[in-house]
Amino acid sequence: MTEFSRRLVRRCWLSAVQNPLQVISFPALQLHVSGTAMRASQEDFENAMNQVKLLKKDPGNEVKLKLYALYKQATEGPCSIPKPGVFDLTNKAKWDAWNVLGNLPKETARQNYVDLVSSLTSSSKSSSQAKPGADRERQGYENLVVTSEDGITKIMLNRPIKKNAISTQMYHEIMLALKTASKDDSTITVLTGNGDYYCSGNDLTNFTDIPAGGVEEKAKNSALMLRDFVGCFIDFPKPLIAVVNGPAVGIGVTTLGLFDVVYASDKATFHTPFGHLGLSPEGCSSYTFPKIMGPAKAAEMLIFGKKLTAREACAQGLVTEVFPDSIFQKEVWTRLKAYSKLPPNAMRVSKQVIRNTEKEKLHAVNAEECRVLRERWMSDECINAAMNFLSRRAKL
Ligand SMILES: CCCC/C=C/CC(=O)SCCNC(=O)CCNC(=O)[C@H](O)C(C)(C)COP(=O)(O)OP(=O)(O)OC[C@H]1O[C@@H](n2cnc3c(N)ncnc32)[C@H](O)[C@@H]1OP(=O)(O)O
């Protein structure tokens, strides 16, 4: 085994433990009942299995792995199947969880399974009464807060604990929110972030969830998703405004070239560390950035990862206006409320006149960037960089 493979093995296991939600999907709990007759607690065991299928809230991957392992131990005994390969993250995490139970007797595993399910059903009953959760569910977004008021639809990235890194689910949520906003009654749409960051870019753990088809399939699916995601910005029909409340990284920066107006707090910074991550530009920035700031300045950002302050980004034309952080929200929202009262059709038509001649080109650029990135994601440079971040060895 090479040093690289050893690091990858270590990293894969680490990511399975640190980011269990990325590793195993909920349907994996829909296990088959073995025909083997069991003693007294067989009925409890089967009831518990049925209760698991009815859980309203995803219990998280750590718990799901525990349930899986206890089920296997209770029905088949100690793990004796071959260890899955290093890239087969999901099956490897399941194997590890089962294997760690060693020679735990079947009856004990069965009892532990029943106890664990019982604790889950009681906690889900109490948490379903919590109002914030109910609100989120009603709105249908896990990591966004979407509000419509005064003619403005505000889409707020709401994962402050992870600096608003965009998870796979968030990509889909943002696409849905943009599509919904494009058809609602609002006249303008705003994207912003909750907390101290605007967005820390792509969630680097997105790539730890490797499907059965391996890294190639993951790269293919990611490229398709990215193309759709960026396509939603290219096609967005109303004025789209970024309210950049704090630092922006990666795709949080590149997509800014597709907004109509970008307001930034003076605390914001703009960083596209593609070189450090073994990546290449996306979000149409390979086209919009040279157009906005000239090829030399764009190259410094996109190839060498030069981080810009808000004032520098404004001087380069990426940002429309910078405000002192202390008055940022007040000033920006006062201005946006005034803009939102302008005639909506005129605003739409003006946007179309400004943007439509570029649309076809932007879609072609988007497709090409995604094609190149699909290759990059499978490169050693990129895998190493993601591993470094995940194992906390490197920060940007
Ligand atoms: C499928 C489509 C793909 C499209 C491709 C897009 C390309 C990009 O977007 S490239 C840019 C990717 N982003 C990064 O490389 C940023 C990585 N993050 C950092 O360097 C730092 O976290 C930070 C400089 C943003 C913030 O540092 P700070 O010291 O203030 O806070 P932390 O303790 O590091 O972060 C808190 C918490 O948030 C997690 N986190 C932050 N950013 C990301 C991220 N991009 N992906 C995953 N997780 C992230 C960080 O790990 C911390 O989590 P824990 O508290 O659980 O350790």
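Look up a bit, the structure's there.
Presented here is a report on the structure given in the accompanying data block. In this text the structure is predicted, and so the values were computed from the model without any measurement.

### Considerations on empty space enclosed by the protein
Line of reasoning, step 1. Inspection of the entire model under this criterion finds 2 cavities of 30 Å³ or more.
Line of reasoning, step 2. By volume, the largest cavity amounts to about 80 Å³.
Line of reasoning, step 3. Every residue along the wall of the largest cavity is listed here: Leu157, Ile166, Ile174, Leu191, Tyr198, Cys199, Phe229, Phe233, Ile251, Gly252 and Thr255.
Line of reasoning, step 4. If you list the elements that add at least two residues to the lining of the largest cavity, you get helix H8 (214-235) and helix H9 (251-254).
Line of reasoning, step 5. Its residues placed into classes, the lining of the largest cavity shows 9 nonpolar, 2 polar and no charged.

### Topic: the packing of aromatic side chains
Line of reasoning, step 1. The final tally for this structure, using the stated rule, is 8 aromatic pairs.
Line of reasoning, step 2. Pairing Phe45 with Tyr71 gives two aromatic rings, centres 6.1 Å apart and planes at 15 degrees, and the pair type is stacked. Of this pair, Phe45 sits in helix H2 (residues 42-54) while Tyr71 sits in helix H3 (residues 61-76), placing them 26 residues apart in sequence.
Line of reasoning, step 3. On the numbers, 5.2 Å between centres and 65 degrees between planes, the contact of Phe229 with Phe233 is edge-to-face. Of this pair, Phe229 and Phe233 both sit in helix H8, 4 residues apart, which is roughly one turn of that helix. When sorted by exposure, Phe229 lands in the same class as Phe233, which is buried.
Line of reasoning, step 4. Taken together, the ring pairs connect Tyr171, Phe229, Phe233 and Phe259 into an aromatic cluster.
Line of reasoning, step 5. The positively charged end of Lys94 is found above the aromatic ring belonging to Tyr68, 5.0 Å away from the centroid.

The rules we used
The numbering scheme is per chain: residues are counted from 1 as the chain's sequence reads. This being a predicted model, a pLDDT of at least 70 is required before a residue's local features are given, and a value of 80 or more before pairs of side-chain atoms are given or counted; all residues contribute to the totals for chains, interfaces and linings. Just so you know, side-chain values use all the structure's heavy atoms and leave hydrogens and water out. Whether a set of points on the 1 Å grid over the protein atoms alone is a cavity depends on a 1.4 Å probe fitting there but being unable to get out, while an open set qualifies as a pocket with protein on both sides within 12 Å along at least five of seven lines; lining residues are those with an atom within 4 Å of a point. Grid points are joined across faces, edges and corners, and a volume is the space filled by probe spheres set on the points. Numbering goes from the N terminus for both helices and strands, where a helix is a DSSP run of H or I of at least four residues and a strand is a run of E of at least two. Each residue gets one label: Ala, Val, Leu, Ile, Met, Phe, Trp, Tyr, Cys and Pro are nonpolar, Asp, Glu, Lys and Arg are charged, and the others, such as Gly, are polar. What counts as a ring pair is set by centres within 6.5 Å for rings of Phe, Tyr and Trp (its six-membered ring), and what kind of pair is set by the plane angle: stacked under 30 degrees, edge-to-face over 60, tilted for all other angles. Only protein chains enter the accessibility calculation, which uses a 1.4 Å probe; a residue whose area is less than 20% of its type maximum is buried, one above 50% is exposed, and one in between is partly exposed. The rule is short: NZ of Lys or CZ of Arg within 6 Å of the ring centre and within 35 degrees of the ring normal puts a charge over the ring.

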